[in-house]
Amino acid sequence: MSVLQEIAAVGVVPVIKLDDPADAAPLARALKAGGVPVAEVTFRTSAAEESIRRIASEVEGVLLGAGTVLTAEQAERAHRAGARFIVSPGFDADVVRTSLALGMDVLPGCATPTEIMAAIKLGLKAVKFFPASVYGGLAGIKALAAAFPGLGFVPTGGVGPKNLAEFLGFSPILACGGSWMVNTKDLDETTRLSAEARDIVRSVRG
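Residues numbered from 1 in each chain as written. Predicted model: local features only at pLDDT ≥ 70, side-chain atom pairs only at ≥ 80, totals over all residues. Heavy atoms only, no water.

> Outline the overall build of the protein chain, listing residues and values.
Looking only at helices and strands, one finds 9 helices and 8 strands in the protein chain. Dimensions along the principal axes, computed over C-alpha positions, put the protein chain at roughly 45 × 40 × 30 Å. Taking all 206 residues of the protein chain together, 51% fall into the buried category. The long-range share in the protein chain, meaning contacts at least 24 apart out of those at least 6 apart in sequence, stands at 60%. Of the roughly 8,900 Å² that the protein chain leaves accessible, carbon and sulfur atoms contribute 52%. (Helix = DSSP H or I, 4+ residues; strand = E, 2+ residues; numbered from the N terminus. Buried < 20%, exposed > 50% of the residue type's maximum accessible area, 1.4 Å probe, protein only. Contact = heavy atoms within 4.5 Å. Areas by Shrake-Rupley, 256 points an atom, 1.4 Å probe, with all protein chains shown as cover.)

This is how it looks when you write it as structure tokens:
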């Protein structure tokens, strides 16, 4: 099973911002306990690389990615730390090429036909749609999907438990990303929210 297939099988991608690497492994375990064995650790803080390394070495069975990756150098660091996929807020050809060369799937942020065409030109089969709420939400994705049949989308930004089922009901959407499942201060709540998200996924996809 490819990374994209694994992401689609779970249906949601928790977006994690960590300030202390010591929180990384316990949080990943809490997500996994709720049925969401996926973690996208964002490079928004200096703790990202070490957080990825700790999850990779301490928590088995978690599909680990790096988010908010802005440069090829960050992609390389994420790979060395143990990330298996890369997510970017926008499209950057260097980040995409570097990630693919390292054997990692990559989901660049694309919200326009031009960006999507650039992603397809580099061989990508799926993109992140971000920020989803700003660029038309589900209607925006449907319009783009009509022009690019076969392309997968992972919307992030404005997706949550109230509209998750609606997004996942559109088959080109592989999964939805978001931080609503993550509570670094209350791991039991993280597990509960993760289980709730998985229940929603199952209600739509069986």
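> Go over the packing of aromatic side chains, please, and point to the residues and values.
Under the counting rule described, the total for this entry stands at 0 aromatic pairs. In this arrangement the basic side chain of Lys128 is found over the ring face of Phe130, its NZ or CZ atom lying 4.4 Å from the centre. In this structure, Lys142 packs its charged tip against the face of Phe170, placed 5.6 Å from the ring centre. (Phe/Tyr/Trp six-rings, centres within 6.5 Å; stacked < 30°, edge-to-face > 60°. Lys NZ or Arg CZ within 6 Å of the ring centre and 35° of its normal.)

> If you had to explain the side chain of Thr42 to someone new, which residues and values would you point to?
Looking at where Thr42 falls in the secondary structure, it is placed in strand E2 (residues 38-42). Excluding residues that lie within four positions of it along the chain, Thr42 makes contacts with Val15, Ile16, Lys17, Ala48, Gly67 and Thr68.

> Requested: an account of the sheet that holds strand E4 (residues 85-87), with residues and values cited.
The strands that make up a sheet are held in pairs by hydrogen bonds between backbone atoms, and each pair lies either parallel or antiparallel. Reading across from one edge, E5-E4-E3-E2-E1-E8 is the order of the 6 strands in this open sheet, with parallel pairing throughout. This sheet does not close on itself; its edge strands, each paired only once, are strand E5 (105-107) and strand E8 (176-178). The average angle at which neighbouring strand axes cross in this sheet is 25°, direction not considered. Examined bridge by bridge, E4 and E5 share 3 bridges and lie parallel to one another. If you follow Val87 over to E5, its bridge partner there is Leu107. (Pairing = 2+ DSSP bridges. Axes fitted to C-alpha atoms, helices over the stretch in contact; angles between N-to-C directions.)

> An account of the pairing of strand E1 (residues 12-16) is requested, with residue identities and associated values reported.
For E1, a buried count of 5 out of 5 residues is recorded, marking the element as mostly surrounded by other parts of the structure. Burial of E1 is two-sided: the residues Val12, Pro14 and Ile16 facing one way and the residues Val13 and Val15 facing the other way are all buried. As paired elements, E1 and E2 share 2 bridges and run parallel to each other. Bridging across to E2, Ile16 finds its partner in Val41. After leaving E1, the chain enters helix H2 (residues 24-33) and then returns to the sheet as E2, a path that is right-handed. (Right-handed = clockwise from strand over helix to strand, strands pointing away.)

> Requested: an account of the nonpolar core, with residues and values cited.
Core analysis: the biggest nonpolar cluster contains 70 residues, and Val12, Ile52, Ile86, Phe153, Leu164 and Ile173 have the highest contact counts within it. Dropping the residues within four chain positions of it, Leu164 is found in contact with Val12, Val159, Cys176, Trp180, Ala197 and Ile200. (Core = buried A, V, L, I, M, F, W, Y, C linked by side-chain atoms within 4.5 Å.)

> Can you tell me about the pairing of strand E3 (residues 63-67), naming the residues and giving the values?
For E3, the tally of buried residues reaches 5 of 5 residues, placing the bulk of the element in the interior. Sheet analysis places E2 next to E3, joined by 5 bridges and oriented parallel. From the neighbouring strand, Thr42 faces E3, where its bridge partner is Gly67. For the handedness criterion, the β-α-β arrangement of E2, helix H3 (residues 48-58) and E3 is classed as right-handed. Taking the sense of rotation as the criterion, the β-α-β connection linking E3, helix H4 (residues 72-81) and E4 turns out right-handed.

> Give a description of the environment of Asp19 that names residues and reports values.
With respect to the helices, strands and loops of the structure, Asp19 is situated in the loop between E1 and H2. Asp19 sits 93 residues away from Thr112 along the chain, and the two C-alpha atoms are 32 Å apart. Sequence-distant contacts of Asp19, defined by excluding residues within four places in its chain, comprise Thr45 and Ala47.

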